[in-house]
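# Examination of the molecular architecture
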Amino acid sequence: KNTMTYSFIDHVYGKQLWDLAKEGAPQYTDSSIYELGAVIPLIIVIWSLRKSWNSLFSYLFATITQFTKPDWKKTEPEKYREKHNKFCSQMGKLIIHGVAAYWAYASCHEEHWWFFNTFSIISERYSVKVPNDPMTFSHKLYYIVLAAYHTESLLTHAFEEKRDDDVQMWIHHVVTFAVISVSYTLGFTYFGTLVYFVHDVSDVSVAICKCFNYLKFKPVYIGISFLHLIAVWCYTRLYMFSVHIIWVIYKATYIFYQQDYPMWIVACGVFFGLLLSILEILHLYWFYMFFYVAQNLIYGRAEIDASEYQDWKKKEKED
């Protein structure tokens, strides 16, 4: 109750934070910047987990490629190792993002703002509803674990194989880290959770499509997974993310400004909206790259990854 967010809420609305929790609901608590300290040991746990399950994924890769029989399995050992490493990485992401998406649904599906009912956060009764509505323990734990995962991704990205969109990935990791920190410390946790969920759902589709590529599945199966990816990406990262998250953040910030709230509050809202806008620009960039994936599928180069586009163009010129 001594956090900056709680003091601000109690001052503006003149009521206790706990009164906003529904009667009979689980115990709710406010968020505190000090709780982000739990991210540090979780980073070590997540890093160890991602390293330990590679042996399981290696066995899975070897077993499935016995049936798909890719040309490069015996003739190109370097390419085999490359596809193997990428497959293990994507399988890890598939599990993490799949579990995270389900965890978000299980923790928050009964809340008034789910599913993307973010306009309910803007209320006539409160002008702008409490940005940091209380969180259940499960919701808070979900938020901190995902913060640790994205922080670990930021720290380990420098040691990963360089991609053609390496700069864009660096920007994405840094901005995501900033979004997590700002949303938790300033109280935009509901919006932050939806940002998590949008990325988790679409990343599951990305991982499935890439795994099909690396396993050398038939083009028809890769094409189906790719069309599914396009549909999910358009709905979550282009439509829901822009209309139900970014637009509502800017609308709430404008109401803050109209209600003569302190300028630092307005500035925080604008800053949070700008961070999300940068992420949306990156989403549009990667959506543009999907057209090159479609071109690869049409010309029978389904194993080519969008992030390898520049390498593919160089090989095409050499040929």
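In this text the structure is predicted, and so the values were computed from the model without any measurement.

Moving on, we get to the side chain of Asp166. Tracing the sequence through the fold places Asp166 in helix α7 (residues 166–186). Classification of Asp166 by relative accessible area gives buried; the value is 13%. A distance of 3.0 Å separates the side chain of Asp166 from the side chain of His157, its partner in a polar contact.

So, about the pattern of salt bridges. In total, this model carries three salt bridges according to the counting rule given. The partner of Glu152 in a salt bridge is Arg50, and the shortest N-O contact between them spans 2.6 Å. Residue Glu152 is located in helix α6 (residues 137–156), and its partner Arg50 is located in helix α2 (residues 39–52); the two are separated by 102 residues in the primary sequence. For Arg237, the salt bridge goes to Asp203, with nearest N and O atoms at 2.7 Å. Within this pair, whereas Arg237 is found in helix α9 (residues 219–258), its partner Asp203 is found in helix α8 (residues 189–214), the two being separated by 34 residues in sequence.

Positionally, His199 belongs in helix α8. Polar contacts involving the side chain of His199 include one to the side chain of His283, which spans 3.1 Å. Excluding its chain neighbours within four sequence positions, the residues that come into contact with His199 are His172, Arg237, Phe241, Leu279 and His283.

Criteria and cut-off values
- Residues numbered from 1 in each chain as written.
- Predicted model: local features only at pLDDT ≥ 70, side-chain atom pairs only at ≥ 80, totals over all residues.
- Heavy atoms only, no water.
- Helix = DSSP H or I, 4+ residues; strand = E, 2+ residues; numbered from the N terminus.
- Buried < 20%, exposed > 50% of the residue type's maximum accessible area, 1.4 Å probe, protein only.
- Polar contact = N/O pair within 3.5 Å; in protein donor to acceptor, adjacent residues only side chain to side chain.
- Salt bridge = Lys/Arg side-chain N within 4 Å of Asp/Glu carboxyl O.
- Contact = heavy atoms within 4.5 Å.

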